[in-house]
Structures are given as C-alpha cells and as structure tokens.
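Below are the chains, spelled out letter by letter.
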Amino acid sequence: MLVGTGSDVGKSVLCTALCRIFLQDGLHPAPFKAQNMALNSFATREGLEIGRAQATQAEACRLEPHSDMNPVLLKPNSEHTTQVVLNGKPIGNRSAYDYFRSQGRAELREAAASAFERLARRYNPIVLEGAGSVSELNLRDSDLANMPMARLADAAVVLVADIDRGGVFASCYGSVMLQTPEDRQRIKGIIINKFRGDLRLFEQGRAMIEKLCRVPVLGVVPYSPDILIDEEDSVELARKRRKGSQDKVNVAVLLLRHISNFTDFGALERDPRVCLYYTRDPQEVAEADLLILPGTKATMDDLLHLRREGLAEAVLARHEAGKPIVGVCGGFQMLGQTVGDPLGIEGSIPLLPGLGILPISTTMRQEKTTRQVEFLFHGSRCEGYEIHQGETISSARQAGSEELTVIEQGNCIGTYIHGFFDNASVRDYLLSPFGRGAGETLSAEEFSQRQYDLLANHVRHHVDIGLIYKILESHD
C-alpha cells in the first residue's frame with residue numbers, strides 16, 4: 001500500500017508504476033483504492049462509475065476496470081456537499097460533515113472490505129492506494145482509505161513524500177510518528193517523489209530521513225514531465241496557460257469552477273499539431289482557433305458563472321464569428337436552449353436558459369447514465385463512455401425520443417462522450433480546417449501502454465524494487 005504525506009504527492013502515478021512492474025515481472029496485480037474523492041471518473045463496461053486513477057492503474061495491469069477497484073467514490077458538488085457513489089452507483093448526496101462523521105460508516109467499511117476480498121481472491125499482489133494525508137488525526141475514526149484499510153488488508157505500507165513542495169523532512173517524520181505504534185510498524189519504507197536536480201545532492205538527506213524515521217528510503221524518484229500519465233486531480237490545470245502558438249492550432253479549454261474529466265483532452269494536448277491551454281480569459285476564448293466547453297459536476301452553477309464573468313458573451317461572439325466550438329457533457333448541456341433541474345439535483349434553481357447555440361434541451365434526472373459507447377463520426381467508428389445526470393433531447397424531436405449522443409450544427413459540436421478526442425478521426429476532422437493534415441496513427445490505448453512501460457522503467461531505475469519484493473516476502 002502506498003500512502004502519502006499529503007494530497008497530490010504522486011501516489012496514483014507510483015501505484016500505476018508498481019502495477020506495471022509487477023505485471024512485467026510475471027505477477028497478476030490489480031489496483032485498489034477504498035475511497036476516492038475526484039471529479040475525474042470512468043464508466044466500466046458494466047456501466048459502473050469509478051475513479052479515473054483506478055481505471056488507469058487497471059490499464060497498466062492490462063485488466064478491464066472494475067468497480068471493486070474503487071468501491072467508494074466521492075464527487076464533490078460544492079465545498080459542503082458531495083455525491084456518494086457506492087460500488088459504482090450513486091446513492092445520494094451527503095454533506096461533508098455528515099459523511100465524515102464516524103457514525104454510520106459500517107456500510108461503507110463493509111463495502112470496501114468485500115470489494116478488496118473479491119479482488120484478493122483473483123489477483124496477487126493488490127496495489128492499494130491511500131487518500132490524501134496519512135496523518136489526519138481528526139479523521140482517524142472515520143478514515144476508510146489509509147491505515148484502517150492497511151490493517152484490514154494486512155498490507156505492507158510505503159510512505160510517499162513530495163520533495164518539490166518543500167518540508168520533506170518534517171512531512172516524513174510527522175507522518176510516521178503521528179501513527180499509533182501498531183500502524184507505525186506497518187510502514188516499511190519511504191519513497192521521495194518529484195525530485196528536481198542532481199540526485200547526488202540528496203544523498204545526505206536520504207540518510208537523515210532514514211535515521212529520523214527508522215525505515216529505509218526505497219528510492220528518490222525524479223520529476224518526469226515527459227512521461228504522460230492521466231492525472232487524478234485538477235490542481236495543475238490552472239498552470240497550463242501557455243500562450244498561443246503561431247505554428248499550431250490553438251485550443252482553449254474553459255477552466256470551469258467544477259470541471260470534471262479533464263483527461264478528455266490529453267490526446268489533444270499531446271497532439272504535435274496542437275497548443276492546448278486552460279483559460280478563464282474572455283479574450284483568449286475569442287482568439288482561440290478551437291474552443292472546448294468541458295464537463296462539469298455542476299452545470300447550472302458553472303453556467304451562471306459564465307454569465308457573471310463575461311465568458312458566455314465571449315462564447316456567443318465566437319459562435320457568431322463562425323469559429324468552432326465543442327461542448328462535452330456538461331459543456332454540451334450549456335450549449336443548448338435550456339437546462340432544467342425540477343428535482344433539485346444540483347440546487348434550488350429549477351430552470352436556466354442555456355447559451356442557445358444548439359437546438360437541444362436538458363433535464364436533470366435522478367438516474368445517472370454511465371455506459372461505454374460506440375458511435376459513427378463522419379463515417380469512422382469511434383468509442384468512448386458517458387457519465388451524466390441529465391437527459392438531453394433535440395428541440396425538433398418529440399419528448400421521450402432517443403437521447404442524443406453527438407450533435408453537429410454549423411461550427412458547433414456537442415457530445416456526451418468522454419474520450420471523444422481520443423479517437424484519431426475526431427482529432428483529424430477538427431484540425432483539418434487549419435491545414436494540419438492527419439496526425440499520428442497511434443491509438444490512445446497504444447500510447448497509454450507505451451507510457452506505462454516508460455513509467456515502469458523510470459521507477460525501476462530509481463526505486464529498489466528488489467527491496468520491495470523482500471518487504472512483501474517478509475511481510476507475508
């Protein structure tokens with residue numbers, strides 16, 4: 001099990017690396033995270049919803065993603081409420097206070113334990129991932145994902161620390177020493193992650209951490225920006241604000257307050273023909289070659305925010321100018337005539353006018369749609385997946401008619417499909433008007449598998465994998 005000194009220290013990526021390494025070494029690994037809080041999610045083949053990070057880790061294991069790999073998923077609606085997804089299905093919204101109370105946790109603990117046991121009967125080893133910081137003392141009684149799960153799984157624990165954010169000595173020492181004596185014994189090693197510079201300069205620091213924490217440092221892993229693995233959190237998106245490029249197609253993604261499934265744009269970001277950036281600047285929205293309205297966990301709130309910030313006006317102006325726009329999921333809903341919420345799924349506003357660009361209307365429903373789909377796009381067979389709360393129909397169709405998946409009108413495309421841009425034919429269609437021709441033929445899956453191998457090689461070079469195997473053998 002990998003736990004962290006804090007959030008965003010690189011646990012997910014290192015778990016992905018270990019999944020791939022164990023697979024390369026002839027084992028049959030599977031990933032597991034008891035509780036994940038993320039707006040970046042994935043629909044399994046069975047139509048169940050899990051965190052995108054566990055889907056990525058499953059791909060690294062060459063396994064079909066399954067809801068047992070992430071039995072509890074929390075999708076924040078606001079600063080105070082979250083949608084709880086249990087075993088792949090939403091069971092309602094809870095306030096943060098109610099959810100994190102220690103009372104009433106038995107059902108969730110039992111679900112996590114049962115999911116782990118089902119996985120453990122089929123795969124070995126299980127690569128468990130903790131959540132956030134391992135030393136949140138005020139949440140210890142309600143914690144599902146860290147040391148209580150390690151105890152339940154009888155897991156050997158490795159602590160991951162991010163040296164790039166500073167304070168690595170204090171964070172390592174504090175994270176170890178704040179554990180109970182029993183849990184402290186489970187921590188078998190430390191990995192220092194995201195190192196920049198000459199590794200020889202940290203040799204003394206490595207020895208000092210081992211002396212302070214009384215556990216070995218298994219490795220110091222350099223920051224690796226050239227290895228492209230799907231990120232779990234959106235905290236880095238605001239930094240992706242590159243200026244426009246004169247020799248590339250400039251693609252702007254609206255940085256919505258509740259943006260979800262931002263990994264939809266990874267294939268575009270990697271495309272050598274594209275300069276992709278995230279923005280809240282109306283001028284950048286107007287000037288981009290292609291504008292994308294991404295998915296969101298709060299369509300109504302983000303639609304209101306677009307109007308307050310002048311972004312809605314900028315979107316409409318570029319539409320009038322004939323510049324291309326693509327809306328995905330919540331962004332698709334915003335492009336329509338109306339967005340209705342009669343059941344109060346997202347809040348107290350029952351109906352809002354959309355941007356009025358596409359002839360569609362959306363109504364929020366209690367039942368969430370989660371499914372993998374195949375579709376034809378300009379004669380090419382494509383695939384992706386849907387995760388959305390709303391039902392969208394064309395204004396020209398009768399109520400109750402077949403729901404829309406992709407609609408194209410003039411310079412605007414709207415779709416519910418996550419992974420839309422992963423399809424090479426979609427990217428080529430969108431970029432061809434700019435004279436960029438066809439991109440590389442490598443599929444999204446082939447690209448990902450190459451990246452998993454690169455990541456595994458990188459971690460093998462900097463982490464003592466032999467010692468990890470010895471820890472596992474002695475722990476068994």
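> A description of the pairing of strand β7 (residues 81–86) should follow, citing residues and the corresponding values.
Within a regular strand, the side chains alternate between the two sheet faces. Judged by how many residues are buried, β7 sits mostly within the fold: five of six residues are covered. In this sheet, β7 lies alongside strand β6 (residues 72–76) in antiparallel orientation, the contact comprising five bridges. Pairing of Pro 76 across the sheet is with Thr 82, part of β7. Counting the residues in the hairpin turn of β7 and strand β8 (residues 89–95) gives two residues, including Asn 87, whose phi is positive at 50°.

> Can you break down the sheet that holds strand β9 (residues 126–133) residue by residue, with the values?
Taken together, six strands build an open sheet; the order of strands is β2-β9-β1-β10-β11-β12 and the sheet is parallel. The open sheet is flanked by β2 (30–32) and β12 (217–222), the only strands paired with a single partner. Sheet twist, expressed as the mean angle between neighbouring strand axes with direction ignored, is 20°. Across two bridges, the pairing between strand β1 (residues 2–4) and β9 is parallel. In the sheet register, Leu 2 faces β9, and the bridge partner there is Glu 129.

> Before we move on, could you go through empty space enclosed by the protein and cite the residues and values that matter?
Per the stated rule, a full pass over the model turns up one cavity of 30 Å³ or more. Space inside the largest cavity adds up to approximately 30 Å³. Leu 254, Leu 255, Leu 256, Arg 280, His 305, Leu 306 and Leu 311 are the residues that line the largest cavity. Residue composition of the lining of the largest cavity, by class: five nonpolar, one polar and one charged.

> Describe in detail the sheet that holds strand β20 (residues 351–353), supporting the description with residues and values.
Read from one edge of the open sheet, four strands run β20-β19-β21-β22, paired in mixed fashion. Single-partner strands in this sheet number two, and they are β20 and β22 (380–394). Taking each pair of neighbouring strands and ignoring which way they run, the sheet shows an average axis angle of 30°. Where strand β21 (residues 360–377) and β22 come together, 14 bridges link them in antiparallel fashion. Looking at the pairing, Thr 363 lines up with Glu 391 of β22. With respect to the sheet, helix α11 (residues 299–308) is in contact with β19 (338–340), β20 and β21, its orientation differing from that of β20 by roughly 40°.

Basis of the calculations
Residues numbered from 1 in each chain as written. Predicted model: local features only at pLDDT ≥ 70, side-chain atom pairs only at ≥ 80, totals over all residues. Heavy atoms only, no water. Buried < 20%, exposed > 50% of the residue type's maximum accessible area, 1.4 Å probe, protein only. Helix = DSSP H or I, 4+ residues; strand = E, 2+ residues; numbered from the N terminus. Pairing = 2+ DSSP bridges. Axes fitted to C-alpha atoms, helices over the stretch in contact; angles between N-to-C directions. 1 Å grid on protein atoms, 1.4 Å probe; cavity = no way out; pocket = protein on both sides within 12 Å on 5 of 7 lines; lining within 4 Å. Points joined across faces, edges and corners; volume = space filled by probe spheres on them. Nonpolar A, V, L, I, M, F, W, Y, C, P; charged D, E, K, R; others polar. Contact = heavy atoms within 4.5 Å.

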